[in-house]
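Architecture at a glance
The chain contents come next:
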Amino acid sequence: MNRREFLKAGSAVLGGAAAARARPAASGVREQGAQAGPLAAPALAPRFGDRRDWWFQKRFGMFVHWGLYAINGFHEQEQWRRRVPREDYAALAARWNPVAFEPDAWLDLMSDAGMGYLCVTAKHHDGFCLWDTKLTRFITMHTPFGRDVLRLLADACHRRQVPICLYYSIADWHHPNYPNQGRHHELPPQPRDQPDLPRYLEFLKAQVRELCTNYGEIAGFWWDMNVDRHVDPSINAMIRRLQPAAVINDRGFDPGDFGTPERDADAAGDEALSFSRRTEACQSVGVESWGYRRDESYYTDRHLMRSIDKYLARDANYLLNVGPKADGTIPEEPAAMLRRIGQWYASVREAFEGAVPASGLTSNRSVLLTRRGNTVYVHLHHDPAGDAVKLKPVRRLPRRATLLNTDRPVPCVLDMAPSDHLEQAAYLRVTNLPANELSNTVLVVKLEFDGDPAGDPPTSRAARPGSVAAAR
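Starting from 1, residues in each chain are numbered consecutively following that chain's sequence as written. Owing to the predicted nature of the model, reporting of local features is limited to residues with pLDDT of at least 70; listing and counting of side-chain atom pairs is limited to 80 or more, with chain, interface and lining totals taken over all residues. Remark: hydrogens and water are excluded; side-chain values derive from all non-hydrogen atoms of the structure.

Another point: helix α10 (residues 301–312). A helix here means a DSSP run of H or I that spans at least four residues, while a strand means a run of E at least two residues long, and both kinds are numbered starting from the N terminus. By definition here, a helix of n residues has an expected span of 1.5 Å times n minus one. Helix length check: α10, at 12 residues, gives a terminal C-alpha distance of 16 Å against a target of 16 Å (1.5 Å per residue), a fit within 8%. Of all the 12 residues making up α10, 9 are buried; the element is thus mostly covered by neighbouring parts of the structure. Only protein chains enter the accessibility calculation, which uses a 1.4 Å probe. A residue is then buried if its area is under 20% of the maximum for its type, exposed if over 50%, and partly exposed in between. Within the sequence span of α10, burial applies to Asp301, Leu304, Met305, Ser307, Ile308, Asp309, Lys310, Tyr311 and Leu312.

With 93 residues, the main nonpolar core has Leu204, Trp223 and Leu320 as its most contacted residues. In this description, contact between two residues means that some pair of their heavy atoms is separated by no more than 4.5 Å. Beyond its immediate chain neighbours, meaning those up to four positions away, Trp223 contacts Tyr168, Ile170, Leu204, Val208, Ile235, Asn236, Ile239, Ile248, Asn249, Arg251, Gly252 and Phe253. As used here, the term nonpolar core means buried Ala, Val, Leu, Ile, Met, Phe, Trp, Tyr and Cys residues forming a set that is joined through side-chain atoms within 4.5 Å. Grouped together as the second largest cluster of nonpolar side chains are 24 residues, Leu414, Val430, Phe449 and Val468 included.

Right, let's talk about the sheet that holds strand β2 (residues 117–123) for a bit. By definition, two strands form a pair when at least two bridges between them are found by DSSP. Spatial ordering of the open sheet is given by β5-β4-β3-β2-β1-β7-β6, a layout of 7 strands whose pairing is parallel. Each having just a single partner strand, β5 (247–248) and β6 (280–284) make up the two edges of the open sheet. Bridge count for strand β1 (residues 60–64) against β2 is 4 bridges, and the pairing is parallel. Following the sheet pairing, Gly61 is matched in β2 by Tyr117. Axis definition: a line fitted to C-alpha atoms, limited for helices to the stretch in contact. Angles are taken between N-to-C directions and run from 0 to 180 degrees. Contacts between helix α11 (residues 332–348) and the sheet are confined to β1 and β7 (317–322), with β7 contributing the most and set at about 155 degrees to the helix.

Take the pattern of salt bridges next. By definition here, a salt bridge exists when the distance from a side-chain nitrogen of Lys or Arg to a carboxyl oxygen of Asp or Glu is within 4 Å. In the structure shown here, the tally under the stated rule is 35 salt bridges. Residues Arg240 and Asp257 are paired through a salt bridge, measuring 3.1 Å at the closest nitrogen-oxygen approach. Of this pair, Arg240 sits in helix α9 (residues 233–242) while Asp257 sits in the loop between β5 and β6, and the two are 17 residues apart along the sequence. Classification of Asp257 as buried rests on a relative accessible area of 4%. For the salt bridge of Arg306 with Asp383, the shortest nitrogen-to-oxygen distance reads 3.4 Å.

Below, the discussion takes up the sheet that holds strand β10 (residues 375–380). Ordered by their spatial adjacency, 6 strands build an open sheet running β8-β9-β10-β16-β12-β13, and the pairing between neighbours is antiparallel. Of all strands in the sheet, those bounded by a partner on one side alone are β8 (356–357) and β13 (408–409). The pairing of strand β12 (residues 400–403) with strand β16 (residues 443–448) spans 4 bridges and is classified as antiparallel. Across the sheet, residue Ala401 finds its bridge partner in β16, namely Leu447.

This is the structure we're talking about:
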């Protein structure tokens, strides 16, 4: 079973990269508030009302999958996908020596991309730990590198006031007490196994306590791969007690704080205008893997920008993943991708930060809208079919219209288009957009109105033809 198949299969658990968990992968999508009609007001996800609300200010974060699997550069699940015996895989630890690892270089790239927080794989499915845990010897300290990776990274994050979140895989291909049974994302039974889930969970709880005690403030805990579907709310309760600012995802031992749709796997997520459940989508720059892959195929900039836009514009968060090489550096191609995405994000970020979903203002489902007061942002997150966007039934002209990507004015008209002959009404259209010239990005238009954009035109209760010029 692949990642996507398992994500869909989990929909009946607990009331519902990165993969399996105790809630359905698209829980943040499927638990959206029902729309009362095409122009209904969005149902926003509830805020926490405590220190966890940092998550709603940052919105866009960097995901990092890094571990022994970077050495061979095949996939973060190399041990499982290549059927590598446990002892053979564990021998990779003798080659772990990321001498070029510089936490500040990661954070510089994160800043260039416009990202506000970091989530790193403290322990992936292979069981190798990037911190100085006292509970196993399969750790970075017992390698040629001999240093606590998480300590270096956490210290840099705290120094630069970057929230750091920790990914932790419940499935463990190395620990003899984890009940590897050959289920999805599990090894078949291995020599010297002593399967004992209660005993393994005591190990897990002790590791979580270390992570939440020894590394300063932790901003989030990102569970993954609850293959056994075990339920134990006391584990998240411990995290909350030790780290009150930490947000917790829904792939652990109870529903957690937020849903985690992955890789645009669920088309249902495109249908709603906003998320009533707190949601953090995740995606990798690589098509095949989340960890470093030597011969990776990468998504286009446009695909990733569209994915980011369609979640942020609907009140969700977004984690975009990169996989560093074995030496600790982030490959140049994905690094360049993040910088290009960062240039786009810098130009349009005002359309996300401090803005709320407002797609109910229009019946046009080929765009998304966000709003801050009387300013409306039009997100062309789908490939534009033409160079104009009609915002029916909006019947007011903005006093100013700007394409944020270029910071240049764009023309708007209020007129009856031929396709509106049945209504005999004039609606707002944004015209002459450079859709061909800027085809490798996501266009966002800023419309500044003098009054409520949903109200009648100020000059008359009947809409009159008019325009906002493209140049002044």
